[in-house]
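A structural walkthrough
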Amino acid sequence: MIAAQAKLVYQLNKYYTERCQARKAAVAKTIREVCKVVSDVLKEVEVQEPRFISSLSEVDGRYEGMEVISPTEFEVVLYLNQMGVFNFVDDGSLPGCAVLKLSDGRKRSMSLWVEFITASGYLSARKIRSRFQTLVAQAVDKCSYRDVVKMVADTSEVRLRIRERYVVQITPAFKCAGIWPRSAAHWPLPHIPWPGPNRVAEVKAEGFNLLSKESYALAGKQSSAESDAWVLQFVEAENRLLMGGCRKKCLSVLKTLRDRHLELPGQPLNNYHMKTLLMYESEKHPRESDWEECCLGDRLNGILLQLISCLQCRRCPHYFLPNLDLFQGKPHSALENAAKQTWRLAREILTNAKSLDKL
């Protein structure tokens, strides 16, 4: 048993060195290419409208605010200034969303975003995005990369297609550091020892972001109140939870397997599903010794089996907001197909570690 485990870990480390590192290098190269174009577009936007200041910056070779959804799909979060005069309200009525309400009607004129405030005093995510979309469309025509970039039509999101190969969504957002949303107040669950009080304090201090984008939960049924709402996102908090042990290596293997074998019609699975299941796996295996290198194979198998279970049940709860289903709106046939493919992959890895050479 131990010999088989050691063999799997050996093969996974080889896979990590050969396949995952190659994927990382290729994605990093694409990001540099994509960010050059996006920065140029955002520079044009800023000239027209100084309230939309580009927050896309390179720190230690990584671009802050850039999320990789798949090797050809990216999201850039554009942080806006001055949320100050608004109160953050998340009463749970819109899963995964919250609203920003003027703290005092008299402060309306003091807001940097005055023309995007609704009659009832809410800062409308949709109105800000609509204005931003117009500005980006104009910037695309003027920027120095206009031959290789164009807007994606028929969506309320701000999406660019670059060199006919990559799609980048640019999402306006507010950073809410140092506070924690009421809809995630149940976390961490009292009977689960992971991640421990110190890490919990660090995670909550990271806070969350409010994004102006279409929500999973409201796929296809946006009323006006709902389209004024902002989507909660916890990227910094999640990244802090992935520190320690072989978690990042495990996630890297999962992303590589997804890119190579689970990029399927209907796009049922993305990197975020993998990241979510890795956090649930950490709750099931709370001891740091469970995340040492020698356990990499066990953790990977656990996550793949959990993924199959979620696909079969057609439900994958968000880690911090379990009322939010990350499979919402995905076609059932796509989820069934993904379950079959994931099972094939898991069985291959479980029964023959050497098969990783071909995967």
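Remember, predicted model here, so these are calculated numbers, not experimental data.

Let's talk about the nonpolar core
- By size, the foremost hydrophobic cluster in this structure holds 102 residues, and its most contacted members are Leu123 and Phe320.
- The element that contributes the greatest number of residues to this core is helix H1 (residues 2-48), accounting for 14 residues.
- Among residues more than four places away in sequence, those in contact with Phe320 are Trp180, Ser183, Ala184, His186, Trp187, Val203, Phe234, Ala237, Glu238 and Leu241.
- By size, the runner-up hydrophobic cluster in this structure holds nine residues, among which are Leu94, Cys97, Ala173 and Leu211.

A closer look at the packing of H1 against helix H2 (residues 125-142)
- Packing of H1 against H2 brings their axes to within 8 Å, and their N-to-C directions diverge by 115 degrees. Crossing angle aside, the handedness with which H1 passes H2 is right-handed. From H1, Val41, Leu42, Glu44, Val45 and Gln48 reach across to H2, where they touch Phe132, Leu135, Val136, Gln138, Ala139, Val140 and Lys142.
- In the contact of H1 with H2, the residues fall into eight nonpolar, two polar and two charged.

Description of the layout of surface pockets
- Estimates place the volume of the second largest pocket at around 200 Å³.
- Around the second largest pocket, the lining is made up of twelve residues, and of these Ala4, Gln5, Leu8, Ile349 and Leu350 lie nearest the centre.
- When residues of the lining of the second largest pocket are traced back to their parent elements, those giving at least two are H1, helix H8 (296-313) and helix H9 (332-351).
- Ranked by residue count, the leading element in the lining of the second largest pocket is H1, at four residues.

About the thresholds
Residue indices follow the written sequence of each chain, beginning from 1 at its first position. Reporting of local features is limited, given that this is a predicted model, to residues whose pLDDT is at least 70; pairs of side-chain atoms are given and counted only at 80 or more, and all residues count toward the totals for whole chains, interfaces and linings. For side-chain calculations, the full set of non-hydrogen atoms in the structure is used, while hydrogens and water are omitted. Buried residues of nine kinds, namely Ala, Val, Leu, Ile, Met, Phe, Trp, Tyr and Cys, make up a nonpolar core once their side-chain atoms join them within 4.5 Å. Burial classes: relative accessible area under 20% of the type maximum marks a residue as buried, over 50% as exposed, and values in between as partly exposed (1.4 Å probe, protein chains only). Every helix listed is a DSSP run of H or I at least four residues long, and every strand listed is a run of E at least two residues long, numbered separately from the N terminus. Contacts are assigned to residue pairs with any non-hydrogen atoms lying within 4.5 Å of each other. To obtain an axis, a line is fitted to C-alpha atoms, over the contacting stretch when the element is a helix, and the angle between two such axes runs from 0 to 180 degrees between their N-to-C directions. Note on convention: the crossing is left-handed when the near helix lies turned anticlockwise from the far helix by less than a right angle, right-handed when the turn is clockwise. Each residue gets one of three labels, nonpolar for Ala, Val, Leu, Ile, Met, Phe, Trp, Tyr, Cys and Pro, charged for Asp, Glu, Lys and Arg, and polar for the others, Gly among them. Grid spacing is 1 Å over the protein atoms alone, the probe is 1.4 Å, and a cavity is where that probe fits but cannot get out, while a pocket is an open set with protein on both sides within 12 Å along at least five of seven lines and lining residues have an atom within 4 Å of a point. Grid points are joined across faces, edges and corners, and a volume is the space filled by probe spheres set on the points.

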